[in-house]
Amino acid sequence: MSFERAPKKRRFTTPQGFLLAGSFLITLGSFAVLPYMSVLLHQRLGLGLGTVGFVLAVASLIQFAGGVVAGPVAARIGLRRSMLVALALRTAGFAAFVPGLTSPVLVIGALLLVSAGAALYLPANKAYLVDGSPDADRPRLLSASSSAFNAGMALGPPAAAPLVMGSPGVLFTCVAGLFALVGVGHAFLPREEARPETAASQEPGNGERRSGLSPFLVTVVSVYAFMFFQHYLALYAVPRTSAGFYGVVLMGYAALLVVAQPLLAEWIAALSYPAALRWGFGAMAAGMAAIAGGGHAGIAVGGALLCLGEIVLFLKNDLEALARSSAPPATVFGRQRLAAGIGAFASGVVGGQLYAAAESAGSARAFWVVVGLQCLLLPVLLMYGGRRTARGRSEPRTEAASELRG
C-alpha cells in the first residue's frame, strides 16, 4: 500500500530570505525615526503645529502617491537597481538629519528624501519578491513580507525611544549606517528574471468567474475604513484606559499581525473576492462596535478584530490586483500604494470632522458606531457596483453571440 505524500511547502530562496530580513531592518530603522518627526520638528526646531502638519502631509503624499513612479522607473532600470536608488535616497536622507538638527530646511529636505525613497522602494521590493515565482506562492511571499514590515514597525519606536530626544544625532547616524549596509547587500542580489506577463483577462481556475470589483477602488475603501482606527484610537483609548494600556494594545496588534497573516494566507487566497470583503469589512465593523463599548476588554477585542479585517482585505486586494492586471508587478504595487494614499487622506479629512461632531455631541462612542455602520454599508455598495460592472461587460458579449447565431 502506498501513501501519497502531501506536497512540501517551498522554502524561501536566498534572495527572498534576504529581502524579507532587509524589509524588517528597513522598517525598524524607518520607524525608529519617523513616528517622532512631529516631536522633533515642533519641540526641537520650534516649527508651529500647523507647519508641522503640512510638512507631514506632504511627506505622506510623496510616500504613497509617489509609488506610481516605481513602475516606469523599474521598467527602465530594473527592480534591483530601483531598490538600490531608493535605498541611496533614504540613506542620504537619514544622514542629512545629522547636520540638519539645527536647520528646519535641512530636516524637511531630509524627510522628503526619505519619503521619495520609500515611494520607489516598496513597490520594487514586492515585485522582486514575487518575480519568477509561481502564482500559488504569492500569498505566502506577500504575507511573509507584510509580517517582516510590521515586525519592524512594532519594534522601531521603542528601540529608538532612549535616543530620540537626548541623542538624536547618534540615532540618525545609526539609522543611516543601517540603510547603507542593507543597500550594499541589495547590490549582490541577482538580477530579476524575465517573466512573461499574465493576460489581464485570464479567467481563474475551478470554473470561478471574477467579479467586477476593482482592486484599486476596494483598496481605497479598505484603507479609508481602517485608518479611522489607526488615526483616532489613541484619542479615544488613552483617556478611558491609560497610555500604557494603549501601548500594550498596539504591541499586541503588531504581534498578532506578524503571526496570523502567514497562517491565514492560503485561506485568504482561496476566498472569492466578495467573500473576502464580507469577512474583512465584517470583522472591521465588529471591531468598531467593540471599541464603542469602551473599557479595556472592548478596546482590546476591537483591536484584534480590526487586525483580522486588515489581514484579509489588504492581502486579498494585492493578490487580486496582481491577478487582474497585465502590467508589471512593480506598476501594480505602485498603483496599490496610490490607492492606499487616497484612502488614508480621505479618512483623515472625514474622520476629523466626524470625531469633532461626536465630541461636541458629548459621545465619542457615536464616532465608532458611525464608522462601524460605514464598514457594513461600504462592501454592499462595492459589490453592487461590481455586479453592475460585470453585467455591463457580459451584455456586449451576449449581444454579439446572438448576432452571430442570427
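Everything numeric in this text was worked out from a predicted model, so none of it was measured. (Residues numbered from 1 in each chain as written. Predicted model: local features only at pLDDT ≥ 70, side-chain atom pairs only at ≥ 80, totals over all residues. Heavy atoms only, no water.)

**Student:** Help me out: how do you make sense of the overall build of the protein in this one?
**Tutor:** Per the secondary structure count, the protein includes 14 helices and zero strands. The secondary structure elements of the protein, listed N-terminal to C-terminal, are α-α-α-α-α-α-α-α-α-α-α-α-α-α. Among the 406 residues that make up the protein, the fraction classed as buried is 47%. Excluding contacts between residues fewer than 6 apart, the proportion of contacts in the protein whose partners are at least 24 apart in sequence is 84%. Total accessible area on the protein is roughly 19300 Å²; 66% of this is exposed by carbon and sulfur atoms. (Helix = DSSP H or I, 4+ residues; strand = E, 2+ residues; numbered from the N terminus. Buried < 20%, exposed > 50% of the residue type's maximum accessible area, 1.4 Å probe, protein only. Contact = heavy atoms within 4.5 Å. Areas by Shrake-Rupley, 256 points an atom, 1.4 Å probe, with all protein chains shown as cover.)

**Student:** Sorry, what's going on with the packing of aromatic side chains here?
**Tutor:** Aromatic ring pairs are described here by two measures, namely the spacing of the ring centres and the angle between the planes. Throughout the structure, instances matching the rule amount to 14 aromatic pairs. Here Phe97 and Phe172 contribute two aromatic rings whose centre-to-centre distance is 4.7 Å and whose plane-to-plane angle is 20°, an arrangement assigned as stacked. A residue pair is termed long-range when its members are at least 10 positions apart, and Phe97 in helix α5 (residues 79–97) and Phe172 in helix α8 (residues 168–187) qualify at 75 residues. Summarising the burial analysis for this pair, Phe97 and Phe172 share the class buried. Seen from their ring centres, Trp267 and Trp279 are 5.1 Å apart, and the 85° between their planes marks the pair as edge-to-face. Pair noted here: Trp267 is in helix α10 (residues 243–270) and Trp279 is in helix α11 (residues 273–293), with a separation of twelve residues, a long-range link. (Phe/Tyr/Trp six-rings, centres within 6.5 Å; stacked < 30°, edge-to-face > 60°.)

**Student:** How should I be thinking about the packing of helix α7 (residues 138–164) against α8 in this particular structure?
**Tutor:** The relative placement of two packed helices is expressed as an angle between their axes plus a distance between the axes. α8 packs onto α7 with a crossing angle of 140° between their chain directions and a minimal axis gap of 8 Å. The pairing of α7 with α8 is recorded here as oblique in orientation. In this structure, α7 contributes Ala160, Leu163 and Val164 to the contact, and α8 contributes Pro168, Val170 and Leu171. Each residue belonging to the contact of α7 with α8 can be placed in one class, and the counts come to six nonpolar, no polar and no charged. (Axes fitted to C-alpha atoms, helices over the stretch in contact; angles between N-to-C directions. Parallel < 35°, antiparallel > 145°, perpendicular 65-115°, else oblique. Nonpolar A, V, L, I, M, F, W, Y, C, P; charged D, E, K, R; others polar.)

**Student:** Got a minute to help me understand the packing of helix α6 (residues 104–130) against helix α13 (residues 329–360) in this structure?
**Tutor:** Taken N-terminus to C-terminus, the directions of α6 and α13 make an angle of 135°; their axes are 8 Å apart at the nearest point. Classified by the angle their axes make, α6 and α13 are oblique. For the pair α6 and α13, the sense of crossing is right-handed. Packed against α6, whose contacting residues are Leu122, Pro123, Lys126, Ala127 and Val130, the element α13 presents Pro329, Ala330, Phe333, Gly334 and Arg337 at the interface. (Left-handed = near helix turned anticlockwise from the far one by under 90°.)

**Student:** Any chance you could explain the side chain of Ser222 here in plain terms?
**Tutor:** Mapped onto the elements, Ser222 comes out in helix α9 (residues 215–240). Ignoring sequence-local partners within four residues, the contact set of Ser222 consists of Phe281, Met284, Leu313, Phe314 and Asn317.

**Student:** Is there a simple way to think about the pattern of salt bridges in this case?
**Tutor:** Opposite charge on two side chains allows them to pair when their charged atoms are near. Under the criterion given, the structure shown has five salt bridges. The partner of Asp318 in a salt bridge is Lys126, with the nearest N and O atoms 3.1 Å apart. Remark: Lys126 occurs in helix α6 and Asp318 occurs in helix α12 (residues 295–324); sequence separation between them is 192 residues. The partner of Asp137 in a salt bridge is Arg140, and the shortest N-O contact between them spans 3.7 Å. The residues Asp137 and Arg140 share a single accessibility class, namely buried. Here the salt bridges share partners, and the residues they tie into one network are Lys316, Glu320 and Arg324. (Salt bridge = Lys/Arg side-chain N within 4 Å of Asp/Glu carboxyl O.)

**Student:** Help me understand α7, please; the structure alone is not making it clear to me.
**Tutor:** Because the α-helix completes a turn every 3.6 residues, residues three or four places apart line up on one side. A rise of 1.5 Å per residue sets the reference length of α7, with its 27 residues, at 39 Å; its end C-alpha atoms lie 37 Å apart and thus fit the reference within 8%. The largest bend in α7 is about 30°, located at Leu155, with the proline Pro157 one to four residues further on. (Expected span 1.5 Å × (residues − 1). Bend = angle between axes of the 7 residues up to and from the residue.)

**Student:** How should I be thinking about the nonpolar core in this particular structure?
**Tutor:** With 108 residues, the main nonpolar core has Phe97, Leu277 and Trp368 as its most contacted residues. When residues in this core are grouped by element, the largest group, 13 residues, is from α9. For Trp368, the residues in contact, after removing those within four places along its chain, are Phe228, Phe229, Tyr232, Leu233, Tyr236, Met288, Ile291 and Ala292. (Core = buried A, V, L, I, M, F, W, Y, C linked by side-chain atoms within 4.5 Å.)

**Student:** In this structure, what is going on with the confidence of the model for the protein? I would like to understand it.
**Tutor:** Should pLDDT be low for a region, the predicted coordinates there are not to be read in detail. Across the protein, the average pLDDT comes to 84, with 87% of residues at or above 70. By mean pLDDT, the top-scoring element of the protein is α11 (95), and the lowest-scoring one is helix α14 (residues 365–405) (71). The low-confidence segment residues 1–7, where pLDDT is below 50, has zero contacts with residues more than four positions distant or belonging to other chains. The model gives residues 194–208 a pLDDT under 50, and that stretch makes 25 contacts with residues more than four places away or in other chains. (pLDDT = per-residue confidence, 0-100.)

**Student:** Would you take a moment to explain the environment of Gly287 for this structure?
**Tutor:** Tracing the backbone shows Gly287 in helix α11. The buried category is assigned to Gly287, whose relative accessible area is 0%. On a C-alpha basis, the gap between Gly287 and Phe229 in space is 9.3 Å, while along the polypeptide they are 58 residues apart.

**Student:** How should I be thinking about α11 in this particular structure?
**Tutor:** Taking 1.5 Å as the rise per residue, α11 with 21 residues should run 30 Å; its terminal C-alpha atoms sit 30 Å apart, in good agreement. Backbone geometry just after α11 places Gly294 at a positive phi near 75°.

**Student:** What exactly am I supposed to notice about a nonpolar patch on the surface here?
**Tutor:** On the surface, a cluster of nonpolar side chains totalling about 380 Å² of accessible area is made up of Val369, Leu373, Leu376 and Leu377. Looking at the secondary structure, you find Leu377 in helix α14. Assessed through its relative accessible area of 55%, Leu377 is described here as exposed. (Patch = residues over 30% accessible without salt bridge, like charges linked within 9 Å, V, L, I, M, F, W, Y side chains within 5 Å.)

**Student:** Would you take a moment to explain the environment of Ala74 for this structure?
**Tutor:** Along the chain, Ala74 turns up in helix α4 (residues 70–77). Its relative accessible area of 10% is what places Ala74 among the buried residues. Not counting residues within four places of it along the chain, the set of residues in contact with Ala74 comprises Leu79, Ser82 and Ala330.

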